[in-house]
Structures are given as structure tokens and as C-alpha cells.
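# Notes for the structure review
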Amino acid sequence: AIPSFTKTTDFIIQPPVTNASGKNVSDVDVLPGGSTAVVLNTFAYVGNSYVYTYSLKVFDSTGALKTDVNLSSLMDTYYQMINVNMLALSNGYILITYNKSDSGANNLQLGTVRENNPNAYFMVLNQSGQKVVGQTQINTYSAASTPALTRFISITELSDGNVAFSWQRNANISTATR
């Protein structure tokens, strides 16, 4: 059976844009208290590199913008992260996961922490976009000959408030859960 749905309000996440401007919606979640969190991204090919920029917008229950934060600037990684997911936690915080999908030369290297290979991370933000929990690595490092390629991260909050992460491992056929 299809659950009942009651529309409470309409609001604009971003104004109409052309194909060459604006942001794409990556993820949306409802926060406790009725606010809505939205992860948006832009993509461009600059020189020989793909350039992704992610942002987090939080709207109150009436659709008024409360927060607009550049997520990419909060990621303390050397490799640019091109897969970003979000989970609204029951305590009102926002968990953000991010990872680089591959180690190709066309993926721009940015950030302050130089890793030997791409990894998967999370951070927790409050609804103002400030870090409550800084960058934390999800996966464990594997040998350089078989880098810990991590993609397709799934996240869920358990009934006791802990968080479970699952991701595709570098075998491209197996998954890991932590």
C-alpha cells in the first residue's frame, strides 16, 4: 500500500537556470523540526580536470533559507571528492559522507591532507553548517597495489543512535559495512 502524503508547503530550492549554470540536486532529507536539508552540486570540465563543487542548503519549514554552506571547502582531503551523500540524524545534525570514485588523472587533487589513495570519509555538521565532528575516515587502508577504492556509500542511523556505513570495495564486486 502507498503511504498517505500530505503536502505542507512548496518552496524554491534554486531559481530557474540555464543548462550551463545553476546547481544539480544531489540529496534531500527532512530534519527534526521540519527543516529541509539539500545537497547541491555543480560540475565543470576545466583544463584536464573535472571540477565538482558541493553546497548544503537548509530551509526552515516555511521554505525560508537558513543556511547556505560550501561543503567542498569543509572537506580536508587532498583528492577532490566527487560523490557526496547526506543523512539527517535524529538529533538534528547532518551527516555528510564523501569519497572520490576513482584515481584517474582527470580528477583534480585539492585539500590539505595528502592521502596515498582515495578514501571514504564522513563529517557531521550542525544546521548552521559548522563541523560538529571533523573529517573521519570510514574505510581501512589497503595495500598501495590494491587501493581502497570506495564508492556507492550507503548510510543509516540505527535505533540506538549509532550510524552504519556500507560501501563498494576495490574488488568492484564486494561490499563492506562498518
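This text follows the structure it describes.
Below you will find a few notes about this structure. (Residues numbered from 1 in each chain as written. Predicted model: local features only at pLDDT ≥ 70, side-chain atom pairs only at ≥ 80, totals over all residues. Heavy atoms only, no water.)

### Remarks on the packing of aromatic side chains
Test applied: Here a Phe, Tyr or Trp ring, Trp counted by its six-membered ring, pairs with any other such ring whose centre lies within 6.5 Å, and the pair is stacked when the planes are under 30 degrees apart, edge-to-face when over 60, and tilted otherwise. Strands are runs of DSSP state E lasting at least two residues, helices are runs of H or I lasting at least four, and both sets are numbered from the N terminus onward.
On inspection of all chains with the given rule, the structure shows 3 aromatic pairs. Ring centres 5.0 Å apart and planes at 40° place the aromatic pair Phe 11 and Phe 59 in the tilted group. With Phe 11 in the segment before strand 1 (24-30) and Phe 59 in strand 3 (residues 49-59), this pair connects stretches of sequence that are 48 residues apart.

### A word on the side chain of Gln 127
For clarity, the cut-off: We call a residue buried when its accessible area falls under 20% of the maximum for its residue type, exposed when it is over 50%, and partly exposed in between, using a 1.4 Å probe and counting protein chains only. Under this definition, polar contacts are N or O atom pairs within 3.5 Å; protein pairs additionally need one hydrogen-donor-capable and one acceptor-capable atom, and for neighbouring residues in sequence, both atoms have to be side-chain atoms. The contact criterion used throughout is that any non-hydrogen atoms of two residues lie within 4.5 Å.
Structurally, Gln 127 is set in the loop between strand 7 (120-125) and strand 8 (131-137). Gln 127 gets classed as buried once you look at its relative accessible area, which sits at 19%. One polar contact links the side chain of Gln 127 to the main-chain carbonyl oxygen of Gly 92, over a distance of 3.1 Å. If we ignore the near neighbours within four places in the chain, the residues touching Gln 127 are Leu 31, Pro 32, Ser 35, Val 58, Lys 66, Thr 67, Gly 92 and Ile 94.

### Some thoughts on the nonpolar core
Soluble globular proteins tend to bury their nonpolar side chains together. The condition that has to hold: To qualify as a nonpolar core, a set must consist of buried Ala, Val, Leu, Ile, Met, Phe, Trp, Tyr and Cys residues joined through side-chain atoms within 4.5 Å.
Residues Val 39, Leu 56, Leu 71, Val 84, Ile 94, Ile 96 and Met 123 are the most contacted members of the largest nonpolar core, which totals 19 residues. Counting only elements with at least two residues in this core, the list comes to strand 2 (36-46), strand 3, strand 5 (83-88), strand 6 (94-99) and strand 7. Not counting residues up to four positions away in its chain, the partners in contact with Ile 94 are Leu 31, Ala 37, Leu 56, Val 58, Met 86, Leu 87, Met 123, Val 124, Leu 125, Asn 126 and Gln 127. Membership of the second largest hydrophobic core comes to 12 residues, among which are Ala 120, Phe 122, Ile 155 and Ala 176.

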